[in-house]
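# An overview of the molecular structure
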Amino acid sequence: MKYLLNIEWLKYKHYKPFWLLTGLYALSIVVINYIVFKINAFIHTEESSPQLEMLIGKSAMAFPYVWESVSYASSFILSILGLLVILVTTNEYTFKTHRQNIIDGFSREQFITSKIISAVILSIVSTLIVTVTAIVAGLAEVNSSFTLSGSISILYFFIQTLSYTMLALLIATFFRRGAIAIGIYLLYIWMIEPLIMVGLWRIEFPYAAYLPIQSADDLISFPSFDNIKKFGPSLGQVPSVFFVPLIYVGLMVYFTYKRFVKSDL
Amino acid sequence: MNILSINNLSKEYGFLKALDNVSFNIPEGSIYGILGPNGSGKTTLLSILLNIVLPNSGSFQFDTNEEMKDYRKNVGTLLETPNFYHYLTAEQNLRIVAAIRGKGEDRIEEVLKTVDLWKKRHLKFKGFSLGMRQRLAIASALLSDPKLLILDEPTNGLDPQGIHEIRELIKSIHRSGKTIIMASHLLDEVEKTCTHVAVLQQGKLITEGTVGSIVSEDQILEINATDINRLSEILSQLEGVRSIENFPQFVKVHIDQSVLSAEKINQYCFNHGIVLNHLRTTKQSLEAKFLALTQN
């Protein structure tokens, strides 16, 4: 494990686009949450009327809601993290270093495990950034005091992040070419899966929300308007459970691993 | 002793049989040439040995006293196109190789000096010329002081200077007691550098053995006498003569060594009233042998 990590580190340490994209991702999390924070502060002034609170709910940036709000807002840019995974994986194919690493003595299992570990570490780092952002936002909010209550959202965010990074790794391993992998990845998240879901709704398939990315997205919602949501139309969804996306993550890792170990390089 | 045994390896790409039941052994300390035209399966064979292509059937066994899973860490490899991280410098790339092999970190300076890239160690790989890339690949292959070196068309695309350098390097590595496997489509290269050769065509092993044994199974004689036409005529009636080619200065006779020799021919001609004024034995070149083998 330390052996694999050291080699991955040597590959990325001096790779500027990697650090640029990582920095951009971290910055985007901060910026998007800052915007939500400002909008929230605009609505929830100190003299907010009780009627408004009835309608919208408590301040979304106050503990305990801030855990869920920040996780939710940050999840919109998870595809950037996916692009990072695609970049470092397809680079190996572009430079044919996936072959060279094997020739130099890596086993196929070691190579693909090192890539899976990289994706997990990026997911952990991403979750840490979101955690710190949530704490800072919660503490900055007026009438808010720190509590771990509701921080389960951070765990859900981590599962969601794994769904995005492992899908990226799977697509990169199957399609190998950077531009093609990026295209298919974004197309899947933004178009293919939503279209499939709409199609399943139309035939009144009850488990339409159990698609790989949708089921992960559904783990977290924005805590405002909870009172209104209760009266909203039912979309025929079944409650999302956290093990559904975990099963998908497991399958993605399995197929990524199998593909690399069992095919010609 | 054999450093590598190859047993019944086959690889198919759809309907194309890239390798068809190939078996042979590579003796320790040899320079083993794998010879064949483009598309004969040479690179497929080496790719299987390096675990980047999986065979459909068959197996191979390295005897490097190492555990099988780690054998590649003791094999130096030089492929047609060197594969390195373009965004890293020569030194950073070698650090990754050393990290994967688990040794050689302390030899980076030495090998970079060997291939004359030490002064350019801080330049990024993407700015390297083809010759520099090839030299970095050699440095990388030498990094872990390998027992076995696998080379795929090592002189392809290099200028005469580069070709000469690589050949000298191969010979010096061989002198230090290492085994070398080398794929090439250049007969001349194999004949000049190798001790053993396996000839592949369309994925099939046609022949293998020492270069000497393959080249000298048949012999070619250049013979001349005053009456060259009469000479040609009586030779054509001799048992053991496979073919006769007429040249203005001599006739070229292709003989079966198990039946005939230069001495017997000389005696035979003398008995038929012809005195030879020129008799020269030449070994059949690998090129002639190769063409003869692959035309069947």
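Quick notes on the rules
- Residues numbered from 1 in each chain as written.
- Chains lettered and ligands numbered in written order.
- Predicted model: local features only at pLDDT ≥ 70, side-chain atom pairs only at ≥ 80, totals over all residues.
- Heavy atoms only, no water.
- Helix = DSSP H or I, 4+ residues; strand = E, 2+ residues; numbered from the N terminus.
- Buried < 20%, exposed > 50% of the residue type's maximum accessible area, 1.4 Å probe, protein only.
- Pairing = 2+ DSSP bridges.
- Axes fitted to C-alpha atoms, helices over the stretch in contact; angles between N-to-C directions.
- Salt bridge = Lys/Arg side-chain N within 4 Å of Asp/Glu carboxyl O.
- Contact = heavy atoms within 4.5 Å.
- Phe/Tyr/Trp six-rings, centres within 6.5 Å; stacked < 30°, edge-to-face > 60°.
- Lys NZ or Arg CZ within 6 Å of the ring centre and 35° of its normal.
- Buried area = accessible area lost by both parts, 1.4 Å probe.
- Polar contact = N/O pair within 3.5 Å; in protein donor to acceptor, adjacent residues only side chain to side chain.
- pLDDT = per-residue confidence, 0-100.

As a further point, take the overall build of chain A. Scanning chain A for helices and strands turns up twelve helices and zero strands. Written out in order from the N terminus, the α and β elements of chain A read α-α-α-α-α-α-α-α-α-α-α-α. Classification of the 265 residues of chain A by burial places 48% in the buried group.

Before going further, it helps to examine the sheet that holds strand β8 (residues 196-201) of chain B. Residues and elements named next belong to chain B. On the basis of which strands lie adjacent, the open sheet formed by six strands has the order β5-β6-β7-β3-β8-β9 and mixed pairing. A strand with exactly one partner marks an edge of an open sheet, and here the two such strands are β5 (75-78) and β9 (204-210). Taking the axes of each pair of neighbouring strands and ignoring which way they run, one obtains an average angle of 15° across the sheet. Looking at chain direction, strand β3 (residues 31-35) and β8 are connected through four bridges and run parallel. Within the sheet, the bridge partner assigned to Leu-35 lies in β8 and is Val-199.

What follows concerns the pattern of salt bridges. Residues and elements named next belong to chain B. Tallied over the full model, the rule gives 17 salt bridges over all chains. Here Asp-20 makes a salt bridge to Lys-17, at a shortest N to O gap of 3.7 Å. A salt bridge links Arg-121 to Glu-91, with the nearest nitrogen and oxygen atoms 3.9 Å apart. On the criterion of sequence distance, the pair formed by Arg-121 in the loop between α3 (108-114) and α4 (130-142) and Glu-91 in helix α2 (residues 90-101) is long-range, its members being 30 residues apart.

Next up on the list: the pairing of strand β2 (residues 16-27) of chain B. Residue and element names in this part refer to chain B. Sheet analysis places strand β1 (residues 2-13) next to β2, joined by eight bridges and oriented antiparallel. Bridge assignment links Lys-11 to a residue of β2, and that residue is Leu-19. Here β1 hands over to β2 after two residues, with Gly-14 in that stretch at a positive phi of 65°.

Residue and element names in this part refer to chain A. Counting buried residues along helix α4 (residues 65-74), seven of its ten residues qualify, which places the element largely inside the surrounding structure. Three or more residues of α4 are buried, namely Val-66, Trp-67, Ser-69, Val-70, Ser-71, Ala-73 and Ser-74. Contacts made by the buried residues of α4 are with α2 (16-43), α5 (78-94), α7 (108-140) and α8 (152-175).

Residues and elements named next belong to chain A. Tallied over the entire structure, the rule returns 20 aromatic pairs over all chains. Seen in terms of ring centroids, Tyr-72 and Phe-76 are 5.4 Å apart; in terms of plane orientation they differ by 85°. Their pairing is edge-to-face. A network of ring pairs unites the aromatic residues Trp-9, Tyr-12, Phe-18 and Trp-19 as a single cluster. A cation over an aromatic ring shows up here: Lys-115 above the ring of Phe-111, its NZ or CZ 5.4 Å from the ring centre.

The subject of this paragraph is the pairing of strand β11 (residues 241-246) of chain B. Residues and elements named next belong to chain B. Bridge count for β11 against strand β12 (residues 251-256) is five bridges, and the pairing is antiparallel. Within β12, the residue paired with Ile-244 across the bridge is Val-253. In this antiparallel pair of consecutive strands, β11 and β12, the connection spans four residues.

With that settled, the discussion passes to the side chain of Ser-69 of chain A. Within the secondary structure layout, Ser-69 of chain A lies in helix α4. For Ser-69 of chain A, the residues in contact, after removing those within four places along its chain, are Asn-33, Ala-60, Met-61, Phe-222 and Pro-223 of chain A.

With 28 residues of chain A at the contact, the number on the chain B side is 26 residues. Of the roughly 2,500 Å² buried between chain A and chain B on both sides combined, carbon and sulfur atoms contribute 57%. Together, Phe-95, Ile-103 and Asp-104 of chain A form the three largest contributors to the area buried by chain A at its contact with chain B, with a combined 27%. Linking chain A with chain B are two salt bridges, by the criterion used here. Of the charged contacts in the structure, one is a salt bridge between Asp-264 of chain A and Lys-11 of chain B, with a shortest N-O distance of 2.8 Å. Inspection of the region where chain A meets chain B yields 14 residue pairs in polar contact (both at pLDDT 80 or more).

So, on to the confidence of the model for chain B. Residues and elements named next belong to chain B. Here chain B shows a mean pLDDT of 85. Residues at 70 or above account for 94%. Within chain B, α2 carries the highest mean pLDDT (94), whereas helix α10 (residues 286-294) carries the lowest (70). Scoring the predicted complex yields pTM 0.83 and, for the interface, ipTM 0.86.

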